[in-house]
Amino acid sequence: MKILKFLRSMKFGMILLVLIVICSLFGSLILQNQEPAYYEAKYPGFGGIITVLSLDDVFSSWYFIVLLILLGINLILCSVLRLKNNISAYSTCFEKTFSKECEPASGGVRDKIEALLKSKRFKVTEKDGEKVYYKNRLGYYGSFITHLGLLLVLAFAAGAMYLSVYNDQMILPGDSYTLEDGTTVAVDSFTIGEGAMPDYRSVLSITDKNGKESGSREISVNYPLSFGGHKFFQQSYGVTGYLTVTNEGESSSIALEYGMFITLDGTNGIRYEALYPDYETDEGGKITPVNAQDFVNPVYLISITEGGETTIGVVLPGTTLSVGDVMYTFEAPLYYPGIRIKTVPAIIMGLLYFSFGLLIVGLYLCFFHVPIFVKIGKKGYALNGPKHNFSLENDINSIRRV
Amino acid sequence: MLNILFFASLISLFVATVVEFIGLSFKKDGAKKAAWIISLISFALLTAYMVIRGIEAGRLPLSNQFEFAAGFAWGISLLHIVLRLWLKQDWISAVCLPTAFLILSYAALLPKEINELMPALKSAWFGLHIGSAVFSYAAFAIAGAVGIKYLSTFKKVKNESDERLIQLDYIAYRLIAFGFLMLTVVILSGCIWAEQAWSSFWTWDPKETWALITWIIYAIYLHQRMRKGWRGKKMAVFAIIAVVCVLFTFIGVNQLLPGLHSYA
Ligand code: HEM
C-alpha cells in the first residue's frame, strides 16, 4: 500500500523527471554510439566505466527504458486516479460557489460587477435568487488531458519506434527495387539542383503489392511519398562510373561497380578500379587523381588487359578506348538517389499525432482556460476557482474603489 | 540599408534601456515615458528590418543563428509591449528592455548575410516550429528577468507576502506557463517535421535532447509550485536558472555539441 502510494505520488514523478534529465545530460554531453577506443582516448581512465554504464548509448540503455516505463506507470496511476477528483471538482463547482461566504458589497457595486462579467461573456446560473457567473468549466480536465496526452505520446512513440522498419536502397535511375511484400519502386530520374544548397529530387513510380500504380511522383527532402503502406524518402545520393560498350554496332550501358571486369571474350577487357572526383595535371600533362568533396573533374582509374598484358591508367569522361574489337566509352558519372523506405502502420502514426494534439489541448486548458466562478449573492459577491485570476480580481477591486 | 535599420533598432533599444533606468533611479516619470516611446520605435525598426529581410530572402527570416537571435529579441520586445499595455505597469519595461537589448547585442555579433536556405528547412512545419520557439524563449527570458527583479525587490521589502512580490511571482508563473505551452508546440511540431524530412520523429540529437531537458525543467517548476506551493524567492531563483538552460539550448548546443541541428 505504501509502495503504491509512493508510485502514484507526484513526488515520485518529479524524481523520475530529474533522473531523466540527468541521463539526458550524459547522453548529450558524451558523443553517443562511438567505438570504445574513442572514449578511452577522449576520457582517459573512464572509457571502461562509460561502456559499462552504457553512457555511450544512454537512450537505449536498460535503465533509461526503465525510467520511461516507470514514468508511464506513475502517469497512469496519478492521472487515472486524479480523474475522479477532476470530475467531482467539475460537478460540484456550482454548489461550492453558492455556499461561499460573500464579501459585502452594495447593490450598485454588484450591478457593475455583473455588467463586467457579462461583458467578459461569463455564463450564468441561478438558485434561490442568487447567481453564479462562470467561465471555462472545462478547464478542470486540463491536467487530466495533459497527462493522458503525455502518456499516449510515450506509448505511441515507443510503438512507432518499435514497429518502424527502415530499408535504405541505392537505386540507379532506370532501375527498380522490389520489397519483400512485392511492392516495386522504380527510379525514373534523379536530379540535383543548382546552387550552394541544391535540392535532390527523385521521380519514382511505385507499384504496390496488388499491382496498383502510383504514377510518376517526385520526392525530395521534406516531401516524402506515402504509397502502398510504405513511405519513400529522398535520403542521400551517390555517384558511380558509367560505361557504354559497343561491339559490332550494338551498344549497351552499364553502371560500374568497383573491381568490375568488363570483357566479352573472357580475357581482354577493362577493369574498373575507381572514380575520382578531381584531378591535378603536372607540367608534362600527366593526370593524377585526387580526392575532393564534389565531382568537379571526375576521372576514371582503370586497368586494361589486352593480349595478356595489363596496364593501369586514368581516363576522362567522354573518352573511347578500343580493346580488341570492342569499344568502351566512358560516360559522365551517373548520380543516383539513396531512397529510404519506411514501413510503419499508418494507424500508429495517426494515434501519435492525435496524442500530440491532446497534450497541446490539455496544456491550453490548464493555463488559458482556467475555471472561474463569481457568486452574486443577496448582500455581496464571492470569487471561486482552482486558481487566482488576478486580472478579474483587479477589475473588481477597482469597481469597489470607485 | 538593411544593416542601418538593424543597428538603428539596437541603438534605440540601448537608449530606451538607459533612459528607463535614469527614470527609475531619479524617479522621473517623463524619462520613463520617453523610454517607452523609444522602445516602441525600436520595435518598429526591428519589425521593419525583419519584414524587409524576409522579403529580400523570400522566406521566413528566422533560419540561422543571427536571424533567430534577432527574432528572439523581437519576441521579447513584442511581449514587452503586450505586457505593458495589459498590466499597465511600467516596471515591465525595466525588466524587458535590458533583456531584449542583451539578446539583440548577441545577434549583432553574428554574421548577418542572407544565405540560401538548405532544402531541409523548406517546410510548412518550419514556420510553426521556429515561430513558437521565438515566443517560448522570449517568455522564458522575461520570466527569468522578472525573477531577478523579484530578488532585487525582495532585498528591499524583505517580506514575501508583499503585494508587489506576489504579483511579480504570479507574472513569472504566467509567462512560464505560456512559454511552456509554446515549447510543447516547438517540440511536437519539430517531431512531425523531422519525420517528414529525416524519416524519424526523434533521434536524440543534442538540440532535441536539450529542448526536452528545458521542457522537463519547466514542468518541474510548474509541479513544485503546485505540489509544494513553492512561491516567491525559490521560484525566482528557479526561473533564473532555467533561463541558463534555455540559453544553452539556443546557443550552447550549436557551439559545443554536434548534431543534425547544427546549421541553426
Ligand atoms: C513532463 C511530464 C509532465 C508534464 C508536462 C505535466 C504537466 C502538468 C501540468 C501542465 C499540470 C497543470 C499545472 C497547473 O495547472 O499549474 C500538471 C498538474 C499535475 N501533474 Fe503533471 N505533468 C507531468 C508529469 C507528471 C507526473 C510524472 C506526475 C506524477 C504524479 C504528475 C502529476 C500531476 C498532478 C497530480 C497534477 C495536479 C493535477 C490537478 O489536480 O490539477 N505530473 N501537470
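Up top is the structure.
In short, a report on the structure. Sequence positions are assigned chain by chain, starting from 1 and proceeding in written order. In the order they appear in the text, chains get letters beginning with A and ligands get numbers beginning with 1. Local features in this predicted model are restricted to residues of pLDDT 70 or higher, and side-chain atom pairs are both shown and tallied only at a pLDDT of 80 or more, whereas totals for entire chains, interfaces and linings draw on every residue. Each side-chain value is derived from all of the structure's non-hydrogen atoms; neither hydrogens nor water enter the calculation.

### What about the coordination of the iron atom of the ligand?
Looking at the iron atom of the ligand, the protein donor atoms are A:H147 (NE2) and B:H223 (NE2), and they sit 1.9 Å from it. Donor atoms: N, O and S within 2.8 Å of the metal, or within 3.2 Å for Na, K and Ca. Because water is excluded, sites can look incomplete. By the criteria applied here, four donors are tetrahedral when all angles lie between 85 and 135 degrees, four are square planar and six octahedral when opposite donors are over 155 degrees apart and every other angle lies between 65 and 115, and any other arrangement is irregular. Geometry at the iron atom of the ligand is octahedral, judged from its six donor atoms and the angles of 87 to 180 degrees they form at the metal. Highlighted residues: A:H147 in helix α8 (residues 142-163) and B:H223 in helix α7 (residues 206-227), drawn from two different chains. For the pair A:H147 and B:H223, one class covers both residues: buried. Helix and strand assignments come from DSSP, with helices taken as H or I runs of at least 4 residues and strands as E runs of at least 2, each series counted from the N terminus. Throughout, exposure labels follow a simple rule: accessible area from a 1.4 Å probe, protein chains only, divided by the maximum for the residue type, with under 20% read as buried, over 50% as exposed, and the rest as partly exposed.

### Notes on the sheet that holds strand β18 (residues 309-315) of chain A
Hydrogen bonding along the main chain pairs the strands of a sheet, whether they run parallel or antiparallel. All names here are of chain A. Think of it this way: DSSP has to see at least two bridges between two strands before they count as a pair. A sheet is described by the order of its strands in space; here four strands give the open sequence β13-β14-β17-β18, paired in antiparallel fashion. The sheet is open, and its two edges are formed by β13 (261-263) and β18, each paired on a single side. Taking the axes of each pair of neighbouring strands and ignoring which way they run, one obtains an average angle of 25 degrees across the sheet. The convention used is that axes are lines fitted to C-alpha atoms, helices contributing only their stretch in contact, and that angles between N-to-C directions extend from 0 to 180 degrees.

### Here's the deal with the site of the ligand
Residues in contact with the ligand amount to 24 residues; listed here are only the nearest, A:N74, A:C78, A:H147, A:K387 and B:H223. One of the side-chain nitrogen or oxygen atoms of A:K387 is found 2.5 Å away from an oxygen atom of the ligand. Listed by contribution, the elements that provide at least two residues to the shell around the ligand are α2 (10-29), α5 (62-91), α8 and α9 (346-368) of chain A together with α6 (163-198) and α7 of chain B. Looking at the shell around the ligand, the element that brings in the most residues is α5(A), giving five residues. One heavy atom within 4 Å of a molecule or strand makes the whole residue count as near it. Two N or O atoms form a polar contact when they lie within 3.5 Å of each other; inside protein one atom must be a possible hydrogen donor and the other a possible acceptor, and for residues adjacent in sequence the pair counts only when both atoms belong to side chains.

### Overview of the interface of chain A and chain B
Between chain A and chain B, the residue contacts involve 47 residues of the former and 45 residues of the latter. Interface area for chain A against chain B, summed over the two sides, is near 4,200 Å², with a carbon-plus-sulfur share of 72%. If you sort the residues of chain A by the area they bury against chain B, A:M197, A:N222 and A:F367 come out on top, with a joint share of 16%. Salt bridges are defined by distance alone: a side-chain nitrogen of Lys or Arg within 4 Å of a carboxyl oxygen of Asp or Glu. Note that B:E195 and A:K342 form a salt bridge whose closest N and O atoms lie 2.5 Å from each other. Contributing elements (two or more residues each) for the side of chain A that touches chain B: α2, α8, β10 (230-240), β21 (334-343) and α9 of chain A. Per element, the largest residue contribution to the side of chain A that touches chain B is 11 residues, and it comes from α2(A). Residues count as neighbours in contact if any of their non-hydrogen atoms are within 4.5 Å of one another. Defined in terms of a 1.4 Å probe, buried area is the accessible area two parts forfeit on being brought together, summed over both.

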